[in-house]
Amino acid sequence: MRSSNALPDLSGRRVVVPGGTGAVGEGVVRGYLSAGADVVVPTRTQERAEEFRRVLGDAATDRLHLVVHDYTTFAGAERLADEMERRLGGVDDVVAPIGGWWVGKRVWEIDEADWQSAFVGLATAHVAVVRAFLPRLNPRGAYTVIVGASASTPVPGSGLVSMEQAALLMMQQVLQAELAGQQRVFALVLGPVRTRLVGSDDPDWVTADQVGAVAVAASAAAAVGGREIRMRSRAEADEALALFQAAQPVGTGAVVAVSTMEPKHGRRDDLVAVLAELAQQIRAEPGCMHYSVHRTRGEDTGPLLVVQMFASIEAFTEHSSSVADQIPRISALLATPPVPPTLFEPVPLGGDAAKESLSA
Ligand SMILES: NC(=O)c1ccc[n+]([C@@H]2O[C@H](COP(=O)([O-])OP(=O)(O)OC[C@H]3O[C@@H](n4cnc5c(N)ncnc54)[C@H](OP(=O)(O)O)[C@@H]3O)[C@@H](O)[C@H]2O)c1
């Protein structure tokens, strides 16, 4: 299954991203801003706020609410949640990429200061945010905690990180069990991430923007219950995106293109072969959400029905120009000259979003 990179529309959603100023958080903040949401990024210092605004550049629109606020204590997180309710009227989603890497000592070598900062401090910050925000969260929204694969793979010399991340992963499971389906809590489990601070040419590394795209997709796909989502490689990130996109309500602006093709006598198999070859290219287009070919049930001859879905009319136009040079090949196999596909748009009916969407 192919996944589309098009972000769902989250206009009007109010999202808080504690830890959003960090390397991974940047991708998360960019993702929600691009999806149209209002994004609150609390940060503990003014310098960090100013630096982050510079990092975002033009992406720092008026929907970005950078607030200097210590959210890492129970009382601090509670005050932030109160303030958000007062200023924005509520909160719909939380993504928490709080904390970073720690390295240097084996477990028996740590001192109490290490323990307090790399374990207690970070774990306290996460629990503080959960207890302040989860009870206020929109039931259609999502709470997403971000951890590393070191939560389940020991890294010698970084044991404190592994232990703290393992605790967060279990926190997600406990919350999900306690909520019994009333709200959705996700844990995104990351491998190494390409960020503004750490580059890599390895195509298997997930980027901070891809982490953001998956978090946004999780928020939008209300039909997908909370769970652990592994994103330790590019392939796992694509799989995660495809899971959420398959369950998203049909987007406003999506375009469904339907064509009927009447093959020349005896050439239907050749036509199917060409369409199968094109399927790979078309499904890889960033705006393509669906491409399938159908025949009349039980018949070896007769017309083919081609159904495609694109994230927007712009994506459809781009698709049309990218396949234009294939038209002569297809025409040579058709009994009648090809006609442009008829364009439809989804009519949302409500109910089971996964069954309404063509995007799988
Ligand atoms: N970067 C990677 O390659 C990678 C890979 C796998 C998993 N992860 C996970 O992704 C999450 C974020 O990592 P990151 O690399 O983005 O980290 P980062 O660049 O260090 O950013 C973390 C942010 O967390 C906030 N924070 C709050 N309390 C903190 C504390 N006690 N110590 C340090 N930071 C604190 C900071 O924001 P303020 O100072 O503005 O408050 C900071 O900007 C972590 O859970 C990490 O394990 C990252």
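Look up: the structure comes first, before these words.
All figures in this text were calculated on a predicted structure; none of them were measured in a lab.

Concerning the sheet that holds strand 10 (residues 255-261)
In spatial order, the strands read 11-12-10-13; together these 4 strands make up an open sheet with antiparallel pairing. Strands at the two margins of the open sheet, each flanked by one partner only, are strand 11 (288-295) and strand 13 (342-344). Taking the axes of each pair of neighbouring strands and ignoring which way they run, one obtains an average angle of 20° across the sheet. Looking at chain direction, strand 11 and strand 12 (residues 304-310) are connected through 7 bridges and run antiparallel. Looking at strand 12, one finds that cysteine 288 is bridged to phenylalanine 310. Strands in contact with helix 8 (residues 268-283) are strand 10, strand 11 and strand 12; relative to strand 11, the strand with the most contacts, it is inclined by about 170°. Sitting on the sheet, helix 9 (residues 313-323) touches strand 10, strand 12 and strand 13, and the angle it makes with strand 12 is about 130°.

Some thoughts on the site of the ligand
The immediate surroundings of the ligand are formed by 22 residues, with Thr21, Val24, Thr43, Arg48 and Tyr71 found nearest. At 2.5 Å, a side-chain N or O of threonine 43 approaches an oxygen atom of the ligand. A distance of 3.0 Å separates an oxygen atom of the ligand from a polar side-chain atom of arginine 44. Against a free-state accessible area of 880 Å², the protein chains account for coverage of 80% of the ligand. Element by element, the count of residues in the shell around the ligand is highest for strand 5 (residues 142-148), at 3 residues. Considered class by class, the residues forming the shell around the ligand number 10 nonpolar, 10 polar and 2 charged.

Some details on a nonpolar patch on the surface
Where nonpolar side chains cluster on the molecular surface, the patch consists of Val107, Trp108 and Met163 and spans about 340 Å² of accessible area. Position of methionine 163 among the secondary structure elements: in helix 5 (residues 159-179). Since its relative accessible area comes to 35%, methionine 163 is described here as partly exposed.

Observations regarding empty space enclosed by the protein
Remark: the empty space left among the atoms is shown by a probe the size of a water molecule rolled over them. Applying the stated rule across the entire model yields 2 cavities of 30 Å³ or more. Considering only enclosed or pocket space, the largest cavity measures out at about 70 Å³ in volume. For the lining of the largest cavity, the element with the highest residue contribution is helix 3 (residues 74-88), accounting for 5 residues. Within the lining of the largest cavity, the residues separate by chemical class into 5 nonpolar, 1 polar and 2 charged.

A word on the pairing of strand 4 (residues 93-96)
Covered by surrounding structure in strand 4 are Asp93 and Val95 together with Val94 and Ala96, the residues of both alternating faces. One ladder, built from 2 bridges, connects strand 1 (residues 14-16) with strand 4; its direction is parallel. Among the inter-strand pairings, valine 16 is bridged to a residue of strand 4, identified as valine 94. Relative to strand 5, strand 4 runs parallel, the two sharing 3 bridges.

Quick notes on the packing of helix 6 (residues 208-220) against helix 7 (residues 234-246)
One can describe the packing of helix 6 onto helix 7 by two numbers: an axis separation of 9 Å at closest approach and a directional angle of 20°. When the axis of helix 6 is compared with that of helix 7, the two are roughly parallel. Where helix 6 crosses over helix 7, the handedness of that crossing is left-handed. Contact residues: helix 6 offers Gln210, Ala213, Val214, Ala217 and Ala218, while helix 7 offers Arg234, Ala237, Ala240, Leu241 and Phe244. Its residues assigned to classes, the contact of helix 6 with helix 7 shows 8 nonpolar, 1 polar and 1 charged.

Reading the values: the criteria
- Residues numbered from 1 in each chain as written.
- Predicted model: local features only at pLDDT ≥ 70, side-chain atom pairs only at ≥ 80, totals over all residues.
- Heavy atoms only, no water.
- Pairing = 2+ DSSP bridges.
- Helix = DSSP H or I, 4+ residues; strand = E, 2+ residues; numbered from the N terminus.
- Axes fitted to C-alpha atoms, helices over the stretch in contact; angles between N-to-C directions.
- Contact = heavy atoms within 4.5 Å.
- Near = heavy atom within 4 Å.
- Polar contact = N/O pair within 3.5 Å; in protein donor to acceptor, adjacent residues only side chain to side chain.
- Areas by Shrake-Rupley, 256 points an atom, 1.4 Å probe, with all protein chains shown as cover.
- Nonpolar A, V, L, I, M, F, W, Y, C, P; charged D, E, K, R; others polar.
- Patch = residues over 30% accessible without salt bridge, like charges linked within 9 Å, V, L, I, M, F, W, Y side chains within 5 Å.
- Salt bridge = Lys/Arg side-chain N within 4 Å of Asp/Glu carboxyl O.
- Buried < 20%, exposed > 50% of the residue type's maximum accessible area, 1.4 Å probe, protein only.
- 1 Å grid on protein atoms, 1.4 Å probe; cavity = no way out; pocket = protein on both sides within 12 Å on 5 of 7 lines; lining within 4 Å.
- Points joined across faces, edges and corners; volume = space filled by probe spheres on them.
- Parallel < 35°, antiparallel > 145°, perpendicular 65-115°, else oblique.
- Left-handed = near helix turned anticlockwise from the far one by under 90°.

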